[in-house]
Amino acid sequence: MKQVTLNHIHESLGAKMVPFAGFSMPVQYEGVNAEHETVRNGVGVFDVSHMGIFKISGPNALSLIQKVTSNDASTLVDGKAQYCYFPNEKGGVIDDIITYRVNEEEYLMVVNASNIEKDWNWVTSHNDVNATVENLSDGYSILAIQGPKAIEAMQSLTAVNLADIKFYNFVIDTFAGVPNVVISATGYTGSGGFEVYVKNEDIETVWTKVFEAGANWGIKPIGLAARDTLRLEMGYCLYGNELNDEISPLEAGLGWVTKFTKDFVNSENLKAEKEAGIKNRLVGFELIGKGIPRHDYEIVDAEGNVIGKVTSGTQSPSLGKGIGMGYVPVALAAEGSQIFIRIRKNDVEAKVVKTPFYKK
């Protein structure tokens, strides 16, 4: 079991540590609902150092990225990030990732922790253009400082005007006295804030200064359980739940980051699938009846026929009701459609709703 650099700090703070993607990670400190509330209304810090980081560089860096990712990275400018995915050859998704353009010949890719080795093998196996590919994952730590008070609380730690970093943009500058820190606004919570990418040898210093700077704003450490409820309230996909090697990215609603203006792995088949029309669609739903939807619960129609499965579900801390996502036939995917979630042999009524569930 791998440990993040700040593992000893999480343990000293009384975090409940659990195995996640091969790492021992803090799942919660004081409780999911309290931590969720902290991020929605104040400022909280997630240690997401288990995520992977690849550096793609050289004159042919863009060519490789264009080949292995779904989105059009040629539209990126320096300091801009882009959400996309690695399509596989059989119509599924290897991983969903974020690509950052540092400059014309240098890019960073942030990948999911559970897929680092798989993603690395995928990118390097397609590198027939001699781009330079480096796996920086083991040398860096990542903090996600999230919440509506994050910018105000952290501004004293950098000369960069944090409010000027728009969503899916980043800068590389000094933060908490440490030079060359990537400061990005690519958060996964829907409550604002930013992330910092720091070399492992500097992360304890940064952590300490972040909590000193945020003390007057009630800053707290936040575990992965609240990260999951926060992202679900926003309707954001989680690899392994909404996305996997078998699920079509078009059915997952990722058509907006699937650009057929270029050729990429499996683009012809995905284009044909789009033209033929998808059979199922990922939807958000709210329970009308009582209960909590959970991952893998069956979704059924009014006659009790199984039509799909819940990919993610929870009792929403912000909304006080059961919410979830899952795949249903296109005919039942329209907003307002009636579906049922099978919870302990009871078919609980639900309705399809537009995401995000949580609106500021």
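Residues numbered from 1 in each chain as written. Predicted model: local features only at pLDDT ≥ 70, side-chain atom pairs only at ≥ 80, totals over all residues. Heavy atoms only, no water.

Labelled according to an unreviewed UniProt entry, the chain appears under the name Aminomethyltransferase, originating from Myroides phaeus. In its Function (unreviewed entry) section, UniProt records this for the chain: "The glycine cleavage system catalyzes the degradation of glycine." (UniProt positions renumbered as here; feature names shortened; annotations may be inferred.)

Let's shift gears to the environment of Lys-279. Here Lys-279 lies in the loop between α8 (267-276) and β15 (280-287). For Lys-279, a relative accessible area of 66% puts it in the exposed group. Lys-279 sits 28 residues away from Glu-251 along the chain, and the two C-alpha atoms are 7.6 Å apart. Excluding residues that lie within four positions of it along the chain, Lys-279 makes contacts with Glu-251, Val-328, Pro-329 and Val-330. (Helix = DSSP H or I, 4+ residues; strand = E, 2+ residues; numbered from the N terminus. Buried < 20%, exposed > 50% of the residue type's maximum accessible area, 1.4 Å probe, protein only. Contact = heavy atoms within 4.5 Å.)

Turning to the nonpolar core, a few remarks are in order. Formed by 41 residues in total, the largest nonpolar core has its most connected members in Phe-46, Tyr-83, Tyr-100, Tyr-197, Leu-243 and Leu-254. Of all the secondary structure elements, the ones that give two or more residues to this core are β6 (80-87), β7 (93-103), β8 (106-111), β10 (140-146), α7 (224-233) and β18 (322-329). Considering every element that reaches this core, the biggest residue donor is β7, with 4 residues. Apart from residues no more than four positions distant in its own chain, Leu-254 is found in contact with Tyr-83, Tyr-85, Leu-243 and Pro-249. Of all hydrophobic cores here, the second largest spans 29 residues; its members include Ile-9, Ala-153, Val-196 and Val-198. (Core = buried A, V, L, I, M, F, W, Y, C linked by side-chain atoms within 4.5 Å.)

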